[in-house]
Amino acid sequence: MRRLLPSRIIALGLIVGACGLPVGQTGNSVGPDDPLLQLRSEGGFVPLEWALGHGPTYTLLGDGRLILEGPVIEIYPGPLLPNYQIGKISSGDLKTILDIVAEMGLPSIVDEYDDSAANHVADANTEVVTLWDAAGRHVYSVYALGIDHYPSNSKKAAFVKLLAAVDQAASKADTKPYQGEKVRVLAGVAMGAPDSQFEDVRPWPLEDNLEQWTELQNGWLCTIVGPEKLALFQDATQVTEWLHPDPMMDAPTYRLLVRPLLPGEQDCPV
């Protein structure tokens, strides 16, 4: 289910040209396939695997296409691959979103984190919005956004409006499955015995090169593969386990988290 959350335009050098692309003060436009705006939810009281494997909620590209999380079928175990969709939003919705971005003052922010709600609520999510323009990358993060129904901070209030506007634009977009140019694969040692009712243990699906993967601080491993590898995981589920690539080793099985890498994301999480 998509989140539904309950303008003054500031001249900040963002305009919408005849081609629909935002243009910065220097005259450099955001390319049609480049990220313009990204919304994601981080942290909170969630399992580690969810935090590692969960991607951005929305990624708006320079030509008005929107990448979003599509509906998830209500079965257990669920599919391993997330249902990312892509579709173009209307020029009117794009203008509304950019107006709110200007109202927030996001183009003048470098990297700002508002944790003023930390004294009132624990284990909440942090909502993050990232803007790319001719001046670079701008990030604004708010802990427990929406906990105060009438935020006194104008930037927080505009952030709530932005989420609602992107939700509305997404609900009207005609979407199709999104594949992307890169696929991120994370591997972690499977903990505990698999439920016998849903046990699904398979041979290692990728090349035998774990020593070349990037090691993350939490003990997981990360690598990037091409989109053609997605076919290897089409019928896998969230409880599928994979044998160690070296059959001579007495090693535990692995859990894999696999999803397309979205524009604006780094290859492996830090």
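Let me sum up the structure you'll find in this document. (Residues numbered from 1 in each chain as written. Predicted model: local features only at pLDDT ≥ 70, side-chain atom pairs only at ≥ 80, totals over all residues. Heavy atoms only, no water.)

Regarding the state of the cysteines
Enumeration according to the criterion identifies one disulfide in this entry. Residue Cys222 pairs covalently with Cys268 via a disulfide, S to S 2.0 Å. Across the S-S bond linking Cys222 and Cys268, the dihedral sits near -90°, which makes this disulfide left-handed. Of this pair, Cys222 sits in strand E14 (residues 221–225) while Cys268 is found in the segment after strand E16 (254–260), placing the two residues 46 residues apart along the sequence. In terms of burial, Cys222 and Cys268 fall into one category: buried. (Disulfide = S-S within 2.5 Å. Helix = DSSP H or I, 4+ residues; strand = E, 2+ residues; numbered from the N terminus. Buried < 20%, exposed > 50% of the residue type's maximum accessible area, 1.4 Å probe, protein only.)

Points about the pattern of salt bridges
Taken as a whole and assessed by the stated rule, the structure comprises 14 salt bridges. Here Glu42 makes a salt bridge to Arg40, at a shortest N to O gap of 3.3 Å. With relative accessibility at 19%, the residue Arg40 sits in the buried group. Across the salt bridge formed by Asp200 and Arg202, the nearest N and O atoms sit 3.0 Å from each other. Looking at Arg202, the relative accessible area reads 18%, which means it is buried. Through salt bridges with shared partners, a single network forms among Arg40, Glu42, Arg259 and Glu265. (Salt bridge = Lys/Arg side-chain N within 4 Å of Asp/Glu carboxyl O.)

As for the pairing of E16
Among the seven residues in E16, seven count as buried, and that is most of the element. With burial as the criterion, each face of E16 is covered, one bearing Tyr254, Leu256, Val258 and Pro260 and the other bearing Arg255, Leu257 and Arg259. Where strand E11 (residues 183–189) lies against E16, seven bridges are found, and the strand directions are antiparallel. The partner of Leu186 across the bridge, within E16, is Leu257. (Pairing = 2+ DSSP bridges.)

Details of the environment of Trp132
Tracing the sequence through the fold places Trp132 in strand E8 (residues 125–133). Taking the C-alpha atoms as reference points, Trp132 and Leu106, 26 residues apart in sequence, are found 9.9 Å from one another. The contacts of Trp132, once residues within four sequence positions are left out, are Val30, Pro35, Leu36, Leu37, Gln38, Arg137 and Gly264. (Contact = heavy atoms within 4.5 Å.)

Here's the deal with the nonpolar core
Counting 32 residues, the largest nonpolar core has Leu37, Ile97, Met104, Leu106, Val129, Phe159 and Leu162 as the members making the most contacts within it. Top contributing element to this core by residue count: helix H3 (residues 154–172), with nine residues. Apart from the residues within four sequence positions on either side, Ile97 is in contact with Leu37, Leu60, Ile89, Leu162, Ala165, Val166 and Ala169. In this structure, Leu210, Trp213, Leu230 and Ala236 belong to the second largest nonpolar core, which totals 18 residues. (Core = buried A, V, L, I, M, F, W, Y, C linked by side-chain atoms within 4.5 Å.)

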